[in-house]
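Here's the letter readout for the chains.
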Amino acid sequence: MQAAQVLLLTLLPALAVRAQSIHAGQCPEPPVQQDFDVARYTGRWYDIQKLPAVFQRGKCGQATYTPRSDGQVEVLNQGLLSLLRAVTMKQSITLILPLLLPLISAQVPHWGACPEPPVQANFNMKKFLGRWYEVAKLPAQFEKGRCIESNFTMKADGSVRVVSSEILKGELRTIEGNAVVQDMREPAKLGISFSYVLPYTPYWILSTDYDNSALVYSCTDVLRLFHVDFAWILGRTRTLPVATISKAKELFNTNNIDVTRMIMSKQAGCEKDY
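Residues numbered from 1 in each chain as written. Predicted model: local features only at pLDDT ≥ 70, side-chain atom pairs only at ≥ 80, totals over all residues. Heavy atoms only, no water.

A. Looking closely at the nonpolar core. By size, the foremost hydrophobic cluster in this structure holds 44 residues, and its most contacted members are Phe128, Phe152 and Phe252. Mapped onto this core, the elements with two or more residues apiece are helix H4 (125–128), strand S6 (130–137), strand S8 (160–168), strand S10 (189–193), strand S11 (201–208), strand S12 (213–222), strand S13 (226–235) and helix H5 (242–254). The biggest single contributor to this core is S13, with 7 residues. (Core = buried A, V, L, I, M, F, W, Y, C linked by side-chain atoms within 4.5 Å. Buried < 20%, exposed > 50% of the residue type's maximum accessible area, 1.4 Å probe, protein only. Helix = DSSP H or I, 4+ residues; strand = E, 2+ residues; numbered from the N terminus.)

Okay, structure coming up:
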């Protein structure tokens, strides 16, 4: 559940954000250009003024937008550094990826921005509260233990307290966080944070019957160039029928979420007191 937060902690020093200003809370959502015409927007644009960006250190910055036959737009960013050496965004990606490899070694990065699968319709947070066990998951660097579970309880301010636990090296370890509904129009799109200094991580309930199983998806993208995603099959019990798991994987696949590397979580021998 801490995917984006772990990724953020790695990226902040990697991208040298001393050139940026970090603001608490979520990104604002300003209005955008009405009736935007991408065909008229294509062509070459020059960098006139900007907030300082660590990945833009040269001069003569420009971006060329070229329509492709598949309907997408190819973007080429260029600038001049010392020795009149042209640099492109591809070089920036080459520099960033090695810094991310230790973090995403358990994940498979995918090109492009995160997908936006449909979520549970008419989601009822109160019915979702309670204890959920992790039955299956895409491998996650921050989940190395067994007997992983999360307990959701409502707080007086309407947010939800989340206590996640695992047994690692014979020791019970817990972490407490906070969950909120990030879009009241789609209440199944939750955000979870395990630190008040870090932003909320997407925690989308794609499907649940509240009493037996739930499918959860989380995705983090980097500069909208590539994304790393996480997926869980949760149960009210430590195990679920094979048919339920198969159906869950089909739903993920239908929404272009690759779960070929999904593994079963270790939920045996969890009743011992720690």
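The rest of the description comes next.
B. Seen up close, the side chain of serine 164. Tracing the backbone shows serine 164 in strand S8. Judged by its relative accessible area of 10%, serine 164 is buried. A polar atom in the side chain of serine 164 sits 2.8 Å from the side chain of serine 150. (Polar contact = N/O pair within 3.5 Å; in protein donor to acceptor, adjacent residues only side chain to side chain.)

C. Representation of the state of the cysteines within the structure. A complete count under the given rule lists 2 disulfides for this structure. Bridging cysteine 147 to cysteine 270, the disulfide has an S-S length of 2.0 Å. Here the disulfide of cysteine 147 and cysteine 270 is left-handed, its torsion about the S-S bond being about -85 degrees. You can see cysteine 147 sitting in strand S7 (residues 146–154) and its partner cysteine 270 sitting in the segment after strand S14 (263–264), a full 123 residues away along the chain. Once the disulfide-bonded cysteines of the protein are ranked by sequence position, their pairing pattern turns out to be 1-3, 2-4. (Disulfide = S-S within 2.5 Å.)

D. Structural context of the pairing of S11. Within S11, 6 of the 8 residues are buried, which leaves the element mostly enclosed by the surrounding structure. Strand direction decides the pairing type here: S10 and S11, joined by 4 bridges, are antiparallel. Bridge pairing in S11 links isoleucine 192 to threonine 201. Where S11 and S12 come together, 4 bridges link them in antiparallel fashion. The residue of S12 that forms the bridge with tryptophan 204 is tyrosine 217. Where S11 folds back on S12, the antiparallel hairpin that results is connected by 4 residues, among which tyrosine 210 adopts a positive phi of roughly 70 degrees. (Pairing = 2+ DSSP bridges.)

Bear in mind that shape data such as this cannot, by itself, settle questions of function.
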